[in-house]
Structure formats: C-alpha cells, structure tokens
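# Survey of secondary and tertiary structure
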Amino acid sequence: MMELTYIHHSCYLAEDDQCILVFDYWQDPQGVLHQRLQSSTKQIYFFVSHFHQDHYNPEIFSWQLSQDAPAPRHIISYDTRKRHHILPAQCTAVLHPDETYSDELLSVTAFRSTDVGVSYLVKTCDTTLFHAGDLNNWYFDTPNELLKISPDEMEGLYLSILRDISRSTPAITHVMLPIDPRLGRNALRGVTQFLTHITTRELYPMHTWEEDISSQIQNLAELFCSTRFHPLHEN
C-alpha cells in the first residue's frame, strides 16, 4: 500500500513495499526526508516537474543513501535539465509533455502544465499517483505580470489539460495539487475543476506557502464527499 508524507511546499514522499518516490524536493525543514532516505534500501526515484527554485534542489544528485540501496533514479523535466545544465548521464529520463518512462516498478506519463515543465502521472502495480507540479488554474482577478495569457485563456488551457488526463486515467488514487492562497477567492478554482473532471480517492494539497488552508479544505470536503482530504502539516 502506498503511503504519502508531506515534506515541504510541493514536496511529497510516497512509499510502498518496493520503492520510494520523491516529488519536487526543495527543502526538508524537519529532516524527515533525509532520515527516511538514508535508512532505506528501497529503490528511490526523484521527480522534478520544472526548473523553478521552489521545486528543484541539486542535492538530489548527491544524496547520501544507505550503502545497501540501489542507485537512485531521476525523472527530470526537459526545462529543468536545460535551465540547470544537468548532464544527460545524471538523468534516468528527461520528459516532455506526452512522453513516458517505464521500468520494472512503475510507469510515468508526463502531461502539460499551465506554467512551465510538466505534471506527472505515475502508475505502480497497485496504485496511481498524480503530482501537478505547477499545473493549476492560475486565475487571478487582477492582472499578474508573470502570466502571459488572460484569465479566460488560462482556464481554457487548464481544462484542456484536465481532459487529456481524464482520457488517459479517469480515476486516480493519490493526487497532489496546488492550493495557492495568492489566488484569493479563486484559490480553490483549479482543485474544484480537477475533482469534477477526474475521480480522486485521496487529495493532498501543496504549494500553500505555509498558510493555513484548513477552512478551504473543509469546504472542498463538503462538496466532494467521496474524496478523502489530507491535512497539510510537516512531519
């Protein structure tokens, strides 16, 4: 059974009997990730969705693991490899949207993002996981200098990506999605649309900039009764 642990910001650790998956590692304030990885002899995967500094830390290429652990595998987005000048030999796979990777333990499909890089759908022998990276409906009420498209164009792009994901996998067990308070009253717009389009068993919020979103989670839980919403706290 896959168990997920929130680390910090957009980083989650997912672990089952055979492997450990680390998504978008940036910081480990409580030291939980370091302790878990240093003591494990399982196959470890590091996923990086895009090049932004709050989703990538070069430490993933020099992590001190147990001497009995196999070499870690690195699934890197195309923009991360280019922007951070990562050598091809360091990467197990470098993925663009619509590209895949598979091995004896899992398969990965990269989807588009509404920001940069990719989002990841991961399938193991007994579960599915989705990590959004910075995929979200960045629907700001006021002009945002970082966005190059209008709010309505953003929404259309986001819904288009959701349709792609839904056609591939209409039901996902573990979903990690941004709930960004900077969006104000639209903070739940993207996650609500995701849950409407894709059946989700377990929802794990991220990218909250450490703000309290417990009331927003409660609102979602009342709307989507069949989804389990996990509280956000660093272990």
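Here the residue numbers are simple positions, counted from 1 along each chain's written sequence. The model is predicted, so local features are restricted to residues of pLDDT at least 70 and side-chain atom pairs to those at 80 or more, both for listing and for counting; the totals for chains, interfaces and linings are taken over all residues. Hydrogen atoms and water are omitted, and side-chain values are computed over all heavy atoms in the structure.

## Some points on the pattern of salt bridges
Think of a salt bridge as a Lys or Arg side-chain nitrogen and an Asp or Glu carboxyl oxygen that are within 4 Å of each other. What the rule picks out here adds up to 10 salt bridges. With its nearest N and O atoms 2.6 Å apart, the salt bridge here joins Glu155 to Arg189. You can see Glu155 sitting in helix H3 (residues 151–168) and its partner Arg189 sitting in helix H4 (residues 189–197), a full 34 residues away along the chain. One salt bridge in this structure joins Glu202 and Arg228, with 3.8 Å as the shortest N-O distance. Numbering of helices and strands starts at the N terminus; helices are DSSP runs of H or I of at least 4 residues and strands are runs of E of at least 2.

## Re the sheet that holds strand S1 (residues 3–8)
Two strands qualify as a pair provided DSSP detects at least 2 bridges between them. Ordered by their spatial adjacency, six strands build an open sheet running S1-S2-S3-S4-S5-S6, and the pairing between neighbours is mixed. Each edge of the open sheet is held by one strand with a lone partner, namely S1 and strand S6 (93–95). Looking at each pair of strands side by side, their axes are set apart by 15° on average, direction ignored. The pairing of S1 with strand S2 (residues 11–15) spans five bridges and is antiparallel. Paired with Tyr6 across the strands is Tyr12, a residue of S2. As a rule, the C-alpha atoms of each element are fitted with a line to give its axis, helices using only the stretch in contact, and angles between N-to-C directions run from 0 to 180 degrees.

## Quick word on the pairing of strand S9 (residues 119–123)
We call a residue buried when its accessible area falls under 20% of the maximum for its residue type, exposed when it is over 50%, and partly exposed in between, using a 1.4 Å probe and counting protein chains only. Among the five residues of S9, four are classified as buried, and the element is accordingly described as predominantly covered. Bridge analysis of strand S8 (residues 107–111) against S9 gives five bridges, and the strand direction is antiparallel. The residue of S9 that forms the bridge with Thr109 is Leu121. In the sheet, S9 pairs with strand S10 (residues 128–131) via four bridges, with the strands oriented antiparallel. Within S10, the position partnered with Val122 by the bridge is Leu129. Count of turn residues in the S9/S10 antiparallel hairpin: four residues.

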